[in-house]
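One-letter residues, chain by chain:
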Protein chains: 2
Amino acid sequence: MEQLNIVVIGGVAAGASFAARARRLNEAARITVIERGPDVSFANCGLPYHIGGEIADRGALAVQSAASLKALLNLEVRVGTEAVAIDRAGKRVELRDLASGRHEWLPYDKLMLAPGASPLRPPLPGIDDPRIFTLRNLQDMDRIVAATSAGKRAVVIGAGFIGLEMAEQLRHKGLAVELVELQPQVLPPLDAPMAALIDSELRRHGIGLHLGEGIARFEPAAGSLRCHLASGRALDADIVILAIGVRPDSELARAAGLDLGPRGHIVVDGFQRSSDPDIYAAGDAVETADRVGGGRTAVPMGGPANRQGRVAADHIFLADKARPYPGSLGTGILRVFETVAGLTGWSEKRLVAAGRPYQTVTVNDSHHAGYYPGARPMTLKILWEPDSGRLLGAQVSGFEGIDKRLDVLATAITAGMTVEDLCHLELAYAPPFGAAKDIVNLAGFAACNRRDGLVSHTTDLPDDPRVQVVDVRGAALAEAYPVPVPSVNIPFPTLRANLDRLDRDRPVVTVCAFGKMSYFAARVLAQHGFAVQSFSGGLKANVDPRTPGKLPSP
Amino acid sequence: MEQLNIVVIGGVAAGASFAARARRLNEAARITVIERGPDVSFANCGLPYHIGGEIADRGALAVQSAASLKALLNLEVRVGTEAVAIDRAGKRVELRDLASGRHEWLPYDKLMLAPGASPLRPPLPGIDDPRIFTLRNLQDMDRIVAATSAGKRAVVIGAGFIGLEMAEQLRHKGLAVELVELQPQVLPPLDAPMAALIDSELRRHGIGLHLGEGIARFEPAAGSLRCHLASGRALDADIVILAIGVRPDSELARAAGLDLGPRGHIVVDGFQRSSDPDIYAAGDAVETADRVGGGRTAVPMGGPANRQGRVAADHIFLADKARPYPGSLGTGILRVFETVAGLTGWSEKRLVAAGRPYQTVTVNDSHHAGYYPGARPMTLKILWEPDSGRLLGAQVSGFEGIDKRLDVLATAITAGMTVEDLCHLELAYAPPFGAAKDIVNLAGFAACNRRDGLVSHTTDLPDDPRVQVVDVRGAALAEAYPVPVPSVNIPFPTLRANLDRLDRDRPVVTVCAFGKMSYFAARVLAQHGFAVQSFSGGLKANVDPRTPGKLPSP
Ligand SMILES: Cc1cc2nc3c(=O)[nH]c(=O)nc-3n(C[C@H](O)[C@H](O)[C@H](O)COP(=O)(O)OP(=O)(O)OC[C@H]3O[C@@H](n4cnc5c(N)ncnc54)[C@H](O)[C@@H]3O)c2cc1C
Ligand SMILES: Cc1cc2nc3c(=O)[nH]c(=O)nc-3n(C[C@H](O)[C@H](O)[C@H](O)COP(=O)(O)OP(=O)(O)OC[C@H]3O[C@@H](n4cnc5c(N)ncnc54)[C@H](O)[C@@H]3O)c2cc1C
Ligand SMILES: CC(C)(COP(=O)(O)OP(=O)(O)OC[C@H]1O[C@@H](n2cnc3c(N)ncnc32)[C@H](O)[C@@H]1OP(=O)(O)O)[C@@H](O)C(=O)NCCC(=O)NCCS
Ligand SMILES: CC(C)(COP(=O)(O)OP(=O)(O)OC[C@H]1O[C@@H](n2cnc3c(N)ncnc32)[C@H](O)[C@@H]1OP(=O)(O)O)[C@@H](O)C(=O)NCCC(=O)NCCS
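Reading guide: rules and limits
- Residues numbered from 1 in each chain as written.
- Chains lettered and ligands numbered in written order.
- Predicted model: local features only at pLDDT ≥ 70, side-chain atom pairs only at ≥ 80, totals over all residues.
- Heavy atoms only, no water.
- Helix = DSSP H or I, 4+ residues; strand = E, 2+ residues; numbered from the N terminus.
- Rg over C-alpha atoms; globule rule 2.2 N^0.38 Å.
- Buried < 20%, exposed > 50% of the residue type's maximum accessible area, 1.4 Å probe, protein only.
- Domains from an automatic or database assignment.
- Contact = heavy atoms within 4.5 Å.
- Buried area = accessible area lost by both parts, 1.4 Å probe.
- Near = heavy atom within 4 Å.
- Polar contact = N/O pair within 3.5 Å; in protein donor to acceptor, adjacent residues only side chain to side chain.
- Areas by Shrake-Rupley, 256 points an atom, 1.4 Å probe, with all protein chains shown as cover.
- Nonpolar A, V, L, I, M, F, W, Y, C, P; charged D, E, K, R; others polar.
- Pairing = 2+ DSSP bridges.
- Axes fitted to C-alpha atoms, helices over the stretch in contact; angles between N-to-C directions.
- UniProt positions renumbered as here; feature names shortened; annotations may be inferred.
- Salt bridge = Lys/Arg side-chain N within 4 Å of Asp/Glu carboxyl O.
- Disulfide = S-S within 2.5 Å.
- Expected span 1.5 Å × (residues − 1).

This paragraph deals with the overall build of chain A. Across its full length, chain A carries 15 helices and 31 strands. Relative to its length of 554 residues, chain A is compact, with a C-alpha radius of gyration of 27 Å against a globular reference of 24 Å. Based on the C-alpha atoms only, the size of chain A along its principal axes is roughly 90 × 65 × 40 Å. Counting all 554 residues of chain A, 59% fall into the buried class.

Here it is in structure tokens:
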């Protein structure tokens with residue numbers, strides 16, 4: 001066997017997966033993994049849960065060690081060692097041993113860059129206060145663990161995935177938590193209505209939300225760190241978690257003259273090759289093909305990182321059997337206390353910003369058959385290309401089974417399926433799981449009904465007094481959870497007999513809790529000559545995610 | 001609006017869904033639903049769970065009533081009325097009122113046949129004993145509820161989906177349960193190894209299994225009904241549940257001269273039209289396209305029934321916008337106490353029986369990231385077409401997240417995806433859900449490794465003494481759960497240093513718990529010139545589904 005000399009910079013997700021796959025493909029290669037930190041192969045994604053105490057055993061987060069990677073995969077792992085320069089002409093990397101400060105050059109035949117990304121730390125006044133933390137590795141985690149205990153006050157800045165996990169876990173641990181987010185909603189990757197359940201759950205657990213608020217500066221005050229918001233408000237904290245995003249750690253690549261994308265990501269081809277054919281790159285530091293939009297994207301997530309690393313190893317060792325990385329979708333999921341929300345593909349706001357045509361429906365249903373105990377409500381929004389019906393994205397929120405629907409829709413989007421195809425997915429159904437018509441099927445039905453012109457949708461409650469808003473819920477529910485605009489209550493079962501209560505010359509919007517009865521009502525009214533729109537997704541998906549579908553029977 | 005006269009025979013899943021959709025598409029039609037039983041629109045699938053007490057409220061099973069279908073959908077529902085003949089030339093149906101015995105003729109423009117299927121009741125000696133029950137509707141259920149109580153002895157005949165649900169629920173209720181199955185395994189739609197966890201769970205709960213055993217006759221004995229098995233053994237029962245399958249209720253269709261398939265199912269086209277263009281049929285009574293195999297199949301499940309009913313209504317009212325029913329996959333799932341198993345598409349035994357070429361791999365992993373508390377093991381088997389790599393089927397067993405993987409794979413099969421496509425499904429990952437490489441990705445990797453010639457697989461432990469069986473698990477585990485054939489234990493981390501313990505001239509089979517380390521070992525050995533096969537799926541998927549992957553650390 002030819003003995004290839006392989007050097008890997010970064011030893012966590014993309015780097016370790018690359019090295020592991022390379023070893024399985026080739027026993028003879030010399031594979032050296034260079035890692036700046038003291039650990040390799042740790043579970044970054046688990047860090048918040050050790051802070052909160054859910055993952056009690058810190059050791060569980062160290063998936064492998066330098067020693068175990070040697071034993072299992074015969075990898076030379078050098079922790080505490082930083083790569084400081086790449087000499088592309090000489091095909092060697094300059095290393096600095098962080099303990100001794102010693103430099104040396106390591107030659108390579110093939111180099112893998114898997115340096116990941118670093119948390120953003122904007123140059124605000126006071127930003128260097130030791131009470132301000134970011135979270136990327138075990139050492140960051142240990143520092144936060146040491147600084148947190150029940151009763152302390154935390155300010156979390158950034159309400160994306162990591163910020164929300166931290167807010168939940170700190171609250172779980174008994175801290176008082178205030179959450180600051182520049183966007184006017186939590187979980188900005190999602191469309192606002194689909195994040196509303198998470199918003200409500202955070203508030204229910206006493207987390208203070210400061211939305212549409214930027215952080216301006218930090219100021220030490222008596223016994224606390226004062227966080228000044230752009231609006232002029234101030235929050236006092238014992239500890240601040242900064243979780244406003246990451247930027248690719250691509251300085252080494254930039255200095256070596258490799259092509260970078262507009263936001264500093266390393267540009268790679270389908271086989272993860274950078275602009276230098278002997279240098280590969282993978283993980284949070286790269287940009288990749290957008291599987292939905294066709295352009296370029298960067299998805300800093302564990303799955304893409306691991307699988308990109310594997311693709312690069314295949315390209316080196318499998319010759320023409322190697323298959324390219326097909327691009328990323330942007331699938332993400334989050335649990336906050338009892339609630340869960342996530343997305344796959346493009347959101348509505350992203351489609352709007354890109355000026356791409358789309359259509360959308362939102363449906364509500366139970367996560368399994370309603371007659372089986374424990375059914376919890378869930379909301380599903382899908383987006384598709386108007387001409388072809390091809391799916392562009394999906395968002396789901398609720399309590400149980402959210403991951404399942406996201407995964408089905410991620411698979412459907414990957415396959416290029418249309419909304420028609422969703423109608424007839426034959427998903428697993430027994431009472432404890434799913435339903436004879438799963439919410440994914442219902443979304444397909446609702447989308448086709450819209451495409452076929454059976455129903456017109458609105459997601460805005462009209463403020464035009466000419467429009468008749470007809471609330472078709474039962475009277476008790478309509479009274480207990482009123483529609484927030486003037487409306488007439490005609491429970492659906494009585495609608496056909498009460499058509500004369502409505503003015504045929506004025507447009508109608510039908511409203512219910514879920515968007516189902518309002519659709520039924522819209523069909524009745526349309527066939528009787530009314531100009532009618534159904535309030536798609538109902539009050540639950542547009543007004544208040546905790547609106548009940550039915551009042552409990554007395 | 002033209003007033004079409006629509007008659008529906010059978011008012012539960014396919015019939016009620018057809019009628020509901022027809023009404024939404026057309027307010028003017030006269031829609032009459034004829035139902036022999038006293039109920040319409042009830043949840044057949046929930047019946048076992050009311051018997052067992054999990055669904056405490058019997059009323060929850062009555063999803064709709066004649067009155068609510070009138071109020072919501074303006075349907076004329078006639079319960080207690082049997083359709084006894086179809087006069088195709090005269091386009092009318094003969095009805096018999098079961099209470100009064102009166103006959104009448106009802107004219108139709110379009111007729112929907114949704115009569116479902118009946119439990120098989122073979123003409124065995126003693127079969128008419130009142131202690132022998134089948135389960136199809138609420139009345140059957142009420143009779144079983146009345147006949148069961150803790151301490152009684154039940155014999156369940158048939159270990160398919162319904163038989164196993166009944167066995168579990170009766171045991172849950174405190175009965176002693178014996179289960180008799182003609183096939184040599186429980187859950188015959190699955191390949192035997194994938195049903196082994198269910199088997200083990202039934203035994204763990206004290207249910208007696210009599211596999212490969214037919215029932216020969218029933219005989220009243222002192223204080224019990226004696227069930228004689230073909231083997232000569234006998235079981236004494238207070239109650240017998242017969243759940244050996246169903247046959248389509250297609251007598252009416254046969255008498256009317258409609259085309260029937262080889263097993264008596266009504267033959268329909270893609271729009272659910274029978275051989276008479278004014279008569280549609282849907283649900284358990286019909287055969288349909290096989291979405292995997294391309295031929296004809298019959299899948300007596302709730303999802304297909306509901307969606308086929310909807311397709312027929314579309315064909316009547318949506319003209320050229322109607323879309324055909326694309327066929328059935330055969331997705332099914334079952335929970336038995338803590339364990340869950342299911343399938344989608346074709347099993348290995350079905351492929352073998354049909355003489356169709358296939359390849360398969362089985363992988364094991366945790367249902368979510370192993371470092372997050374509560375990770376449970378699961379096993380996934382996939383089958384694909386050798387040339388194209390196109391997926392043909394999948395089976396999953398374990399504890400949690402089984403439904404999710406089945407649904408992803410049902411979607412992938414429907415889309416015509418290949419095993420290559422599974423590698424890069426971007427599924428939702430945060431620690432409480434999934435993993436950076438989900439088991440679905442791993443199955444794709446393992447399949448590609450096999451296709452690419454990186455590893456050879458076996459699912460049989462060799463009995464040829466020439467073959468060296470190398471157990472690469474840790475020594476403690478190897479000792480506690482020994483490989484059931486002679487083997488040498490070389491823990492994987494020590495393998496590279498111990499190659500000289502193996503004879504290079506004799507073939508090797510590597511073995512571990514999960515099939516992962518045995519794959520790693522096979523890669524090492526293959527590259528050192530050994531003729532080696534990995535025991536795919538490991539001891540867990542082939543020998544004992546409860547074999548631990550690791551011993552708990554002391
Ligand atoms: C708190 C947290 C929670 C997360 N949760 C999720 C989640 O739930 N789901 C999900 O999919 N993803 C999650 N992620 C993201 C996921 O962890 C990353 O996408 C993934 O780790 C990226 O892998 P990578 O190999 O590209 O980079 P990293 O895992 O960051 O590894 C890069 C390594 O390279 C080292 N390095 C960088 N430069 C050098 C150099 N010059 N010399 C030597 N070493 C160097 C760094 O020290 C680092 O250890 C989370 C991340 C964090 C921080
Ligand atoms: C105990 C049990 C558990 C099940 N569990 C599941 C499950 O977990 N998942 C799943 O997908 N499926 C399950 N099923 C199967 C599912 O219920 C059926 O596939 C579905 O109900 C079939 O719908 P259908 O409309 O074709 O027939 P049915 O629901 O059987 O309805 C047919 C109706 O037609 C009536 N009828 C027949 N002939 C006449 C006539 N001549 N005149 C008047 N009326 C007539 C019958 O009385 C019957 O009510 C289960 C079934 C049972 C019995
Ligand atoms: C620990 C680490 C180095 C492991 O890398 P790895 O060995 O490639 O990954 P896994 O342990 O998942 O094993 C996957 C390999 O085993 C194979 N495998 C897994 N289960 C198998 C089974 N039951 N049967 C056969 N093969 C199996 C896979 O096919 C794959 O091999 P391949 O790539 O040669 O096809 C790497 O995943 C890592 O560092 N992870 C932690 C860091 C991280 O991912 N952080 C971000 C998320 S928290
Ligand atoms: C009760 C029954 C008659 C209901 O039929 P149905 O009205 O077609 O079914 P659902 O109540 O699920 O409603 C589905 C309709 O509402 C629409 N819908 C559901 N949720 C919606 C939402 N949130 N927004 C918009 N539309 C929605 C669907 O698009 C569909 O309408 P369409 O067919 O016109 O497109 C029928 O399902 C039945 O009898 N079920 C019990 C029997 C049974 O299925 N047994 C076997 C399994 S246990």
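Let's pick the thread back up.
Moving on to the domain arrangement of chain A. All names here are of chain A. Segmenting chain A into domains produces domain 1 (5–116 + 247–321), domain 2 (132–244), domain 3 (338–451) and domain 4 (457–542). Once you take the C-alpha centre of each, domain 1 and domain 2 turn out to be 30 Å apart. The interface is formed by 16 residues belonging to domain 1 together with 17 residues belonging to domain 2. A buried area of about 1,500 Å², summed over both sides, lies between domain 1 and domain 2, and 62% of it is on carbon and sulfur atoms.

Around ligand 4, a shell composed of 29 residues is seen, among which Lys437(A), Lys516(A), Tyr519(A), Arg21(B) and Arg24(B) lie nearest. Ligand 4 sits at a junction of chains, with neighbouring residues supplied by chains A and B. Between ligand 4 and Phe514(A) there is a distance of 3.0 Å, counted from a nitrogen atom to a backbone nitrogen or oxygen. In the model, a nitrogen atom of ligand 4 is placed 3.5 Å from a nitrogen or oxygen of the Phe42(B) main chain. A total of 950 Å² of accessible area belongs to ligand 4 in isolation, and the protein chains cover 91% of it. Residue contributions to the shell around ligand 4 peak at five residues, all from helix α1 (residues 14–25) of chain B. Partitioned by chemical class, the residues of the shell around ligand 4 number 16 nonpolar, eight polar and five charged.

Residues and elements named next belong to chain A. Considering the arrangement of structural elements, one finds Lys110 in strand β7 (residues 110–113). For Lys110, the side chain forms a polar contact with the side chain of Asp278, separated by 2.8 Å. Those residues in contact with Lys110, other than ones at most four positions away along the chain, are Leu4, Asn5, Ile6, Val7, Pro277, Asp278, Tyr280 and Ile316.

With that settled, consider the sheet that holds strand β12 (residues 208–211) of chain B. All names here are of chain B. Spatial strand order, β9-β16-β10-β11-β12: five strands in an open sheet with parallel pairing. The sheet is open, and its two borders are formed by β9 (132–133) and β12, each paired with just one other strand. As paired strands, β9 and strand β16 (residues 239–242) are joined by two bridges and run parallel to one another. Within the sheet, the bridge partner assigned to Ile132 lies in β16 and is Val240. The strands that helix α6 (residues 192–204) touches are β11 (176–181) and β12; relative to β12, the one it contacts most, it runs at about 135 degrees.

For the rest of this paragraph, the subject is the side chain of Glu168(A). All names here are of chain A. The topology assignment puts Glu168 in helix α5 (residues 161–172). From its side chain, Glu168 meets the backbone nitrogen of Phe337 in a polar contact 2.6 Å long. Excluding residues that lie within four positions of it along the chain, Glu168 makes contacts with Tyr49, Glu54, Ile207, Arg335, Val336 and Phe337.

A few words on the UniProt feature "domain: Rhodanese" (unreviewed entry) in chain A. The UniProt record annotates "domain: Rhodanese" (unreviewed entry) at residues 463–548 of chain A. The straight-line gap between the two end C-alpha atoms of residues 463–548 of chain A is 24 Å; of that span, 26% is helix and 16% is strand.

What follows deals with the interface of chain A and chain B. At the interface, 89 residues of chain A touch 89 residues of chain B. Of the charged contacts in the structure, one is a salt bridge between Lys404(B) and Asp407(A), with a shortest N-O distance of 3.7 Å. Looking at the side of chain A that touches chain B, the elements that each hand over two or more residues are α1 (14–25), α3 (66–73), α8 (302–317), β22 (332–336), α10 (402–414), α11 (419–423), α12 (439–451) and α14 (517–527) of chain A. Counting residues per element, the side of chain A that touches chain B draws most heavily on α10(A), at nine residues. Looking at the side of chain A that touches chain B residue by residue, the classes come out as 50 nonpolar, 18 polar and 21 charged.

A word on the site of ligand 1. Lining the immediate surroundings of ligand 1 are 30 residues, of which Ala14(A), Glu35(A), Arg136(A), Asp284(A) and Tyr429(B) lie closest. Nearby residues place ligand 1 at the junction of chains A and B. Contacts to ligand 1 include Asp284(A), whose side-chain N or O atom sits 2.7 Å from an oxygen atom. In this structure, Gly302(A) approaches ligand 1 through a main-chain N or O atom, which is 2.8 Å from an oxygen atom. Calculation on ligand 1 without its partners gives an accessible area of 980 Å², and the protein chains cover 93% of this total. At the level of elements, β4 (81–87) and α8 of chain A are the ones that each hand at least two residues to the shell around ligand 1. Along the lines of polarity and charge, the residues of the shell around ligand 1 split into 19 nonpolar, six polar and five charged.

To continue, consider the state of the cysteines. Formally, a disulfide is one covalent bond, and it connects the sulfur atom of one cysteine to the sulfur atom of another. All chains considered together, the criterion is met by zero disulfides over all chains. Unpaired in terms of disulfides, Cys512(B) finds its nearest cysteine sulfur in Cys423(B), a separation of 19 Å.

An α-helix turns once per 3.6 residues; consequently, residues spaced three or four apart project the same way. Residues and elements named next belong to chain B. Compared with the 22 Å implied by 1.5 Å per residue over 16 residues, the 23 Å span of helix α8 (residues 302–317) between its first and last C-alpha is a close match. Counting buried residues along α8, 15 of its 16 residues qualify, which places the element largely inside the surrounding structure. One or two residues past the end of α8 sits Ala319, with phi positive at roughly 50 degrees.

This part covers the pairing of strand β25 (residues 377–384) of chain A. All names here are of chain A. For β25, the buried fraction is high: seven of the eight residues fall into the buried class. As defined by bridge partners, strand β24 (residues 359–366) adjoins β25 across eight bridges and the pair is classed as antiparallel. Considered in β25, the bridge of Ser366 is made with Pro377. Where β25 meets strand β26 (residues 391–398), seven bridges bridge the pair, whose relative direction is antiparallel. Bridge pairing links Ile382 to Ala394 in β26. Where β25 folds back onto β26 in an antiparallel hairpin, the turn is made up of six residues, including Gly389, whose phi is positive at roughly 80 degrees.

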